[in-house]
Amino acid sequence: NAGVMQNPRHLVRRRGQEARLRCSPMKGHSHVYWYRQLPEEGLKFMVYLQKENIIDESGMPKERFSAEFPKEGPSILRIQQVVRGDSAAYFCASSPEGPYGYTFGSGTRLTVV
Amino acid sequence: AQSVAQPEDQVNVAEGNPLTVKCTYSVSGNPYLFWYVQYPNRGLQFLLKYITGDNLVKGSYGFEAEFNKSQTSFHLKKPSALVSDSALYFCAVRDIARGGATNKLIFGTGTLLAVQP
């Protein structure tokens, strides 16, 4: 069981470019969550998805950010026209149905230059 | 809205001494509470959870947590700290939406535990 796989581990983008972050959940997990971690700010919820459905996107910025979890393939967090303030660690987690808590991936560290 | 608070940004303890990392919660209904640990440049790892049952919950690496309903607290404890326990610790609570409990977790701001040799 490979756990939650995130790639890339590190991503450098120039201002204005697009960033695509991928997350493959653990086998048997149907729920995916994305969090952003900024220094001194803790872990902020962004979006919660199930296959082909966005369940809760209350933490997503209104512009430039989008997420999907297609029927086949990994979940994708997409940031268009990145700005320096988007530099952060982005963590994906997955869970089965029920109060079992999450399994986290190792994160993608995005640096915007 | 559901929330957790970790009142200490950092906790310092000497190796071999007991440690406590504090967490208080605010929820409507019965809380589902979790502790996670994050080592430098790594993802978060699950330590333990409280859903129901005994107020003292035992978890990984010798950690335990005590659920206290009257004080709305869920403090993380370990009888004897190790230098290798030095890490960032997060408390979390399961969110409740209009339709009931969801799978979404709300995290505290984290407490940095520093164990000195």
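Heads up: the structure comes first, above all this text.
Quick caveat, the model's predicted, so the values are computed rather than measured. For every chain, the first residue of the written sequence is number 1, and numbering continues from 1 onward in sequence order. Lettering of chains starts at A and numbering of ligands starts at 1, both following the order in which they are written. Under the rules for a predicted model, residues below a pLDDT of 70 receive no local features and side-chain atom pairs below 80 are neither given nor counted, while totals for whole chains, interfaces and linings still include all residues. To obtain the side-chain values, all non-hydrogen atoms of the structure were used and water was disregarded.

Turning next to the interface of chain A and chain B. Taken residue by residue, the interface counts 24 residues in chain A and 20 residues in chain B. Here the buried area means the combined drop in accessible surface, using a 1.4 Å probe, for two parts upon being joined, counting both sides. Summing both sides of the interface, chain A and chain B together bury roughly 1,600 Å²; the carbon and sulfur share of this comes to 53%. The term salt bridge refers to a pairing of a side-chain nitrogen on Lys or Arg with a carboxyl oxygen on Asp or Glu at a separation within 4 Å. At the boundary of chain A and chain B, one finds one salt bridge. A:Asp56 is the salt-bridge partner of B:Lys104, the closest N and O atoms lying 3.1 Å from each other. Throughout this description, a polar contact denotes any pair of N or O atoms lying within 3.5 Å of each other; where both atoms belong to protein, one of them has to be capable of donating a hydrogen while the other can accept it, and for residues adjacent in sequence the pair is counted only when both atoms sit in side chains. At the boundary of chain A and chain B, one finds six residue pairs in polar contact (both at pLDDT 80 or more). Going along the chain from the N terminus, every DSSP run of H or I of four or more residues is numbered as a helix, and every run of E of two or more is numbered as a strand. Counting residues per element, the ones that place at least two in the side of chain A that touches chain B are strand 4 (31–38), strand 5 (42–50) and strand 9 (88–95) of chain A. Under this grouping Gly is polar, as are all residues other than the nonpolar Ala, Val, Leu, Ile, Met, Phe, Trp, Tyr, Cys and Pro and the charged Asp, Glu, Lys and Arg. Residue composition of the side of chain A that touches chain B, grouped by class: 11 nonpolar, nine polar and four charged. We call two residues in contact whenever any of their non-hydrogen atoms come within 4.5 Å of each other.

This part covers the side chain of B:Thr111. All names here are of chain B. Summarising the element assignment, Thr111 is placed in strand 12 (residues 111–116). What makes Thr111 buried here is its relative accessible area of 0%. A distance of 3.1 Å separates the side chain of Thr111 from the side chain of Gln6, its partner in a polar contact. Setting aside chain neighbours within four positions, we find Thr111 in contact with Gln6, Glu8, Asp9, Gln10, Val11, Val21, Ala87, Leu88 and Tyr89. Think of it in three bands: with a 1.4 Å probe and only protein chains considered, a residue is buried below 20% of the maximum accessible area for its type, exposed above 50%, and partly exposed in between.

Geometric values such as these leave the question of function open.
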